[in-house]
Amino acid sequence: MILSKTFPVLLAAAALALGAAPTLAAPAVPDISACQPGKPCAAPLPVKVVVVSLFEIGKDEGDTAGEFQLWKERAHLTQRIPFPQSFHDLYYNPETQVLGMVTGVGTARSTAATMALGLDPRFDLSKAYWLVAGIAGIDPQDASIGSAAWARYVVDGDLAHEIDAREIPKDWKSGYFPRHLKGPNDTTTPIDTSGGEVYQINPRLVGWAFNLTRDVKLPDSDAIRTERMRFTGYPNAQKPPFVLEGETLSAMTFWHGKLLTDWANDWVHYWTQGKGEFVTSAMEDTGVLQAMTYLDRIGRAQKDRVLVLRAGSNYTMPPPGVDAASYLLRENEGYAGLEASVESLYVVGSKVVNAWLKNWDTYKDTPPE
């Protein structure tokens, strides 16, 4: 189902108002046009905020918006910077010093893009905050499409052992289990998080961002209202879009269904040792966090200045009475909550970005909490 292209005028106006860039005196920034990508640059470009999008649907402006388009247009990311060592050129606002990047879909591209930017001498990212803002599947047990979740943990869903479900022992709930365990029923082997299976986001920064945005009114429409009301028995799925805290599971396979949603909840519960709640499914976030971990070690970026915001474009399982295959194939024709989710990403994310910029004299050295 493709969402209607019309939102109420008042909501659109509110979104723009919330996202309006603060009035700042334009700082002098160096001209890096003569600097070659990846080569030494005498005066690197200062960056206060990196907005990390993962994909764009078509053009960067003027057509159906993916994750990047609203940021480019509304945050006035007008200066194009060649970035041939990655998926997509960069865009920069020299007045606000906000940099926008599009990594490309999947963990491999997000890892490579983040490392490529972090190691590029043309940019000074030493004080930069990073906002990863992307659409996601959303668990109807926790929230509705259009809702936006700040991740406290990012969990990897790919690093595992797997046996086809048709060949697993009868007492196994799943054929998919952590690599260091002897099977899904193994409860005695100590948890080992050294392999990159879980990343905790700076809890103080997440708490600050959530408190700042928890009451932001998110866009709604008749189309997504109709879709969410199909989820009888799931009260959170039937609510108008809202802001919450909740974990994201990154996996390269686009999975779907009630049984896999149950698996995702168990998987996140295991890797966060009961501290996390699975809310959104995505692909790229563990790649970004792994790259940031390495960049932090050499002082090229600060991993404690990263936030991950995911907004629900579709549910991770079908409504009651609908089989998973039919619902997945229908959603692949156009996510029910696509327009709402990209709007929510901007409305919520820009409030945080604007707070960083407005209070830069403080936040450049001391992260908010």
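For the structure itself, look to the data block above.
Quick summary incoming for the structure in this document. The structure presented is a predicted model; accordingly, all values stated were derived computationally and were not measured. (Residues numbered from 1 in each chain as written. Predicted model: local features only at pLDDT ≥ 70, side-chain atom pairs only at ≥ 80, totals over all residues. Heavy atoms only, no water.)

Below, the discussion takes up the overall build of the protein chain. A tally of helices and strands in the protein chain yields ten helices and 16 strands. The C-alpha radius of gyration of the protein chain comes to 20 Å, within 12% of the 21 Å expected for a compact globule of 369 residues. With the principal axes as the frame, the protein chain shows a C-alpha extent of 65 × 50 × 35 Å. Out of the 369 residues belonging to the protein chain, those deemed buried represent 55%. In the protein chain, the share of contacts with a sequence separation of at least 24, taken over all contacts with a separation of at least 6, comes to 76%. (Helix = DSSP H or I, 4+ residues; strand = E, 2+ residues; numbered from the N terminus. Rg over C-alpha atoms; globule rule 2.2 N^0.38 Å. Buried < 20%, exposed > 50% of the residue type's maximum accessible area, 1.4 Å probe, protein only. Contact = heavy atoms within 4.5 Å.)

Under the counting rule described, the total for this entry stands at 20 salt bridges. Note that Lys-72 is salt-bridged to Glu-61, the shortest N-O span being 2.6 Å. Taken together, the positions of Lys-72 in helix 2 (residues 69–74) and Glu-61 in the loop between strand 2 (49–53) and helix 2 put the pair eleven residues apart, joining distant regions of the chain. For Lys-72, a relative accessible area of 9% corresponds to the buried category. Assessed through its relative accessible area of 42%, Glu-61 is described here as partly exposed. One salt bridge connects Arg-166 with Asp-164, and the closest N-O pair in it is separated by 2.9 Å. For Asp-164, a relative accessible area of 31% gives the class partly exposed. (Salt bridge = Lys/Arg side-chain N within 4 Å of Asp/Glu carboxyl O.)

Another point: the packing of helix 4 (residues 203–213) against helix 9 (residues 338–358). Orientation of helix 4 relative to helix 9, taken along the N-to-C sense of each, is 115 degrees, at an axis distance of 10 Å. Taken together, the axes of helix 4 and helix 9 are roughly perpendicular relative to one another. Judged by the sense of rotation from one axis to the other, the crossing of helix 4 with helix 9 is right-handed. Seen from helix 4, the contacting residues are Leu-205, Trp-208, Ala-209, Leu-212 and Thr-213; seen from helix 9, they are Val-348, Lys-351, Val-352, Ala-355 and Trp-356. By residue class, the composition of the contact of helix 4 with helix 9 is eight nonpolar, one polar and one charged. (Axes fitted to C-alpha atoms, helices over the stretch in contact; angles between N-to-C directions. Parallel < 35°, antiparallel > 145°, perpendicular 65-115°, else oblique. Left-handed = near helix turned anticlockwise from the far one by under 90°. Nonpolar A, V, L, I, M, F, W, Y, C, P; charged D, E, K, R; others polar.)

Turning to the side chain of Asn-202, a few remarks are in order. If you trace the backbone, Asn-202 turns up in the loop between strand 12 (198–200) and helix 4. Exposure remark for Asn-202: the relative accessible area of 16% places this residue in the buried category. A distance of 3.1 Å separates the side chain of Asn-202 from the backbone nitrogen of Arg-204, its partner in a polar contact. (Polar contact = N/O pair within 3.5 Å; in protein donor to acceptor, adjacent residues only side chain to side chain.)

What follows is about the pairing of strand 16 (residues 306–315). In regular strands, side chains alternate between the two faces of the sheet. Among the ten residues in strand 16, ten count as buried, and that is most of the element. Bridging between strand 7 (residues 129–138) and strand 16 involves nine bridges; their strand directions are parallel. By the bridge assignment, Val-132 is partnered in strand 16 with Val-308. The pairing of strand 8 (residues 148–150) with strand 16 spans three bridges and is antiparallel. Counterpart to Ala-149 in the pairing with strand 16 is Arg-310. (Pairing = 2+ DSSP bridges.)

With that out of the way, let us pick up helix 3 (residues 107–118). Here helix 3 contains twelve residues, and its C-alpha end-to-end distance of 16 Å stays within 8% of the 16 Å for a straight helix at 1.5 Å per residue. Of all the positions in helix 3, only Thr-107, Ser-110, Ala-113, Thr-114, Ala-116, Leu-117 and Gly-118 are classed as buried. Next to the buried residues of helix 3 lie strand 2, strand 4 (90–93), strand 5 (98–102), strand 6 (123–124), strand 7 and helix 7 (285–297). (Expected span 1.5 Å × (residues − 1).)

Okay, the environment of Phe-254 next. Here Phe-254 is to be found in the loop between strand 14 (247–250) and helix 6 (258–271). Under the relative-accessibility criterion, Phe-254 is labelled partly exposed at 36%. Between the C-alpha atom of Phe-254 and that of Leu-328, which follows or precedes it by 74 residues, the distance is 9.7 Å.

Taking 1.5 Å as the rise per residue, helix 9 with 21 residues should run 30 Å; its terminal C-alpha atoms sit 30 Å apart, in good agreement. Helix geometry: helix 9 is bent most strongly at Gly-349, by close to 25 degrees. (Bend = angle between axes of the 7 residues up to and from the residue.)

The next thing to look at is the state of the cysteines. By the definition in use, this model includes one disulfide. Sulfur-sulfur distance for the disulfide between Cys-35 and Cys-41 comes to 2.1 Å. For the disulfide bridge between Cys-35 and Cys-41, the dihedral angle about the S-S bond is near 65 degrees, and by the sign convention the bridge is right-handed. Judged on exposure class, the residue Cys-35 and its partner Cys-41 are both buried. (Disulfide = S-S within 2.5 Å.)

Turning our attention to the packing of aromatic side chains. According to the stated counting rule, one finds 18 aromatic pairs in the structure shown. Taken together, a centroid distance of 5.9 Å and an interplanar angle of 45 degrees make the contact between Phe-68 and Tyr-91 tilted. Of the two residues, Phe-68 is situated in the loop between strand 2 and helix 2 and Tyr-91 in strand 4; the sequence distance between them amounts to 23 residues. Considered together, Phe-68 and Tyr-91 belong to a single accessibility category, that of buried residues. Taking 5.9 Å as the distance between ring centres and 45 degrees as the angle between the ring planes, the aromatic pair formed by Trp-255 and Phe-278 counts as tilted. Of the two residues, Trp-255 sits in the loop between strand 14 and helix 6 while Phe-278 sits in strand 15 (residues 278–282), which places them 23 residues apart along the sequence. (Phe/Tyr/Trp six-rings, centres within 6.5 Å; stacked < 30°, edge-to-face > 60°.)

Keep in mind these values describe shape, not function.
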